[in-house]
Amino acid sequence: MVTASGLALPRVAAPCPARTRGGLRPAFLRFAPPVALPPRQLRCCSSTVDDGVVSAAASKPRLPRVVGMGSKLVGCGSAIPTLSVSNDDLSKIVETSDEWIAARTGIRNRRVLSGDETLRGLSIQAAQRALEMAEVKAEDVDLVLLCTSTPDDLFGGAAQVLAEVGCTNAFGFDITAACSGFIVGLITATRFIKGGDLQNVLVVGADALSKYVDWTDRGTCILFGDAAGAVLVQACSVDEDGLLGFCVQSDGNGQKHLNAITANDESILSNTNGVPGFPPKKATYSCIQMNGKEVFRFAVRCVPQSIEKALQEAGLPASSIDWLLLHQANQRIIDAAASRLDIPSDKVISNLANYGNTSAASIPLALDEAVRSGKVKTGDIIAASGFGAGLTWGSAIVKWG
């Protein structure tokens, strides 16, 4: 048996086959005696986003994951819309300026879907480019994970993406965790490889938050852009495992600080035949609501703690990090995390100025640019962290290639 972290538990003697009135009980109904599990430990450092910081636990050596396959990142790709919206463009819509936006966020431009462009189209392009870099055929992909909170179809988009890309032998599903989505998807991919005997998993992070932005609210419309990014995660031997450590956590108490909840329009029926409250009113999503001050406080506290916990699991010091790659939300958050971890600015990957906050796409988009420019090389260790989604956060220590 393998625990959630991939650790092997002691073997137990196989039970005798259970007999039923019709003979041997089917294998999936046979039960082994219970096995004593180690005490459960939280994977992150803080149980709440509103209270004080909980200090990180003492460092401990990493326990090897000796069961199942390892996984490594072998390809990446990205795609962006054609329309670029600058801070000066926004200053013609709301009361703001390039200087005001850049000083508070580090953002100068963002890309926004226009014309016939769709999130699915961006996702397909990013996935195809990741496969090309990895030199993997689409039909050899086993699983496609589409990490998005803004699909073109409410029922999800992974199936459409894999069909268009040509992943004829793959299953796919969506993961909804907004700005934390790509990290959640990446960790999910490695668990499927480890426990599901899969060989190739496409992880696509894509969002079009521009569709849910109030463009009259200068507190939020300046932040967001649209994009897609993808990585190909491939099975490998345990010795080559590229996921060195990870930490994931969520706290719904922070939902009040960041959300896009449903809102009800008027009923489409004028005659309800006297039935009160029926039919339900047609639902739409409200614009993004964010308490910027509280989200900032949450991020600068929890993100460094999360990375430290992931490093502890990997058995590595912060000095071993070649690149710090955070969700591109605000340059001040990125700088604060780098300072907390004592990582110099020349080891920080940031493309926030050009694209703004692209939610689940931000990490794979920045990674793709860094890899294709030659900045990130095979064997480099990357500390990646995503955060948001009312509220979730997670970190992964990965080796590229």
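Residues numbered from 1 in each chain as written. Predicted model: local features only at pLDDT ≥ 70, side-chain atom pairs only at ≥ 80, totals over all residues. Heavy atoms only, no water.

## Here's the deal with the packing of helix H3 (residues 119-134) against helix H4 (residues 158-165)
Here is the rule we go by: Angular values range over 0 to 180 degrees, each being the angle between N-to-C directions of two axes fitted as lines to C-alpha atoms, with helices fitted over their stretch in contact. Note on conventions: DSSP H or I runs of at least 4 residues are helices, E runs of at least 2 residues are strands, and numbering of each starts at the N terminus. Here is the rule for angles: anything less than 35 degrees is roughly parallel, anything more than 145 is roughly antiparallel, 65 through 115 is roughly perpendicular, and the remaining ranges are oblique. Crossing handedness is read from the near helix: turned anticlockwise from the far helix by less than a right angle, it gives a left-handed crossing, and turned clockwise, a right-handed one. Only heavy atoms matter for contacts: two residues are in contact if any of them lie within 4.5 Å across the pair. Charged residues are taken to be Asp, Glu, Lys and Arg, nonpolar residues to be Ala, Val, Leu, Ile, Met, Phe, Trp, Tyr, Cys and Pro, and polar residues to be all remaining types, Gly included.
It is at 9 Å that the axes of H3 and H4 come closest, and there the two elements cross at 50°. One finds that H3 runs oblique with respect to H4. Crossing of H3 over H4 shows right-handed handedness. Judged by residue contacts, Arg120, Ser123, Ile124, Ala127, Gln128 and Leu131 of H3 engage Gln160, Val161, Glu164 and Val165 from H4. Of the residues belonging to the contact of H3 with H4, the class tally is five nonpolar, three polar and two charged.

## Description of the sheet that holds strand S16 (residues 348-349)
Put simply, the rule is: By definition, two strands form a pair when at least two bridges between them are found by DSSP.
If you walk across this open sheet you meet the five strands as S10-S18-S17-S15-S16, and the pairing is mixed. For this open sheet the edge positions go to strand S10 (243-250) and S16, each flanked by a neighbour on one side alone. Two elements, S10 and strand S18 (residues 392-399), share seven bridges in a ladder whose sense is antiparallel. Paired with Phe246 across the bridge in S18 is Ala396. Packing of helix H6 (residues 292-314) onto the sheet brings it into contact with S10, strand S15 (323-326), strand S17 (381-388) and S18, and relative to S18 it is tilted by some 40°. Against the sheet, helix H7 (residues 331-341) touches S15, S16 and S17, its axis set at about 140° to S15.

## A few points about helix H5 (residues 181-196)
Every α-helical turn comprises 3.6 residues, leaving residues that sit three or four positions apart pointing alike. Our working definition: Helix span, as expected, comes to 1.5 Å for every residue beyond the first. Whether a residue is buried, partly exposed or exposed follows from its accessible area with a 1.4 Å probe, protein chains only, as a fraction of its type maximum: under 20%, in between, or over 50%, in that order.
The first and last C-alpha atoms of H5 sit 21 Å apart over 16 residues, in line with the 22 Å expected at 1.5 Å per residue. For H5, every residue scored as buried is listed here: Gly181, Phe182, Ile183, Gly185, Leu186, Ile187, Ala189, Thr190, Ile193 and Lys194. In the segment just after H5, Asp197 is the residue with positive phi, at about 60°.

## Observations concerning the side chain of Thr96
Take Thr96: it is sitting in the loop between helix H1 (87-91) and helix H2 (98-105). For Thr96, a relative accessible area of 14% corresponds to the buried category.

## Topic: the environment of Ile261
Mapped onto the fold, Ile261 is located in the loop between strand S11 (258-259) and strand S12 (262-264). Ile261 sits 24 residues away from Tyr285 along the chain, and the two C-alpha atoms are 5.7 Å apart. Setting aside its immediate chain neighbours within four residues, Ile261 contacts Gln255, Thr284, Tyr285 and Ser286.

## Some details on the pairing of strand S7 (residues 171-175)
Formally: Seen with its strands pointing away from the viewer, a crossover is right-handed if its path from the first strand over the helix to the second goes clockwise.
Relative to S7, strand S6 (residues 143-147) runs parallel, the two being bridged by five bridges. Bridge pairing in S7 links Val144 to Gly172. As a crossover connection, the stretch from S6 through H4 into S7 is right-handed.

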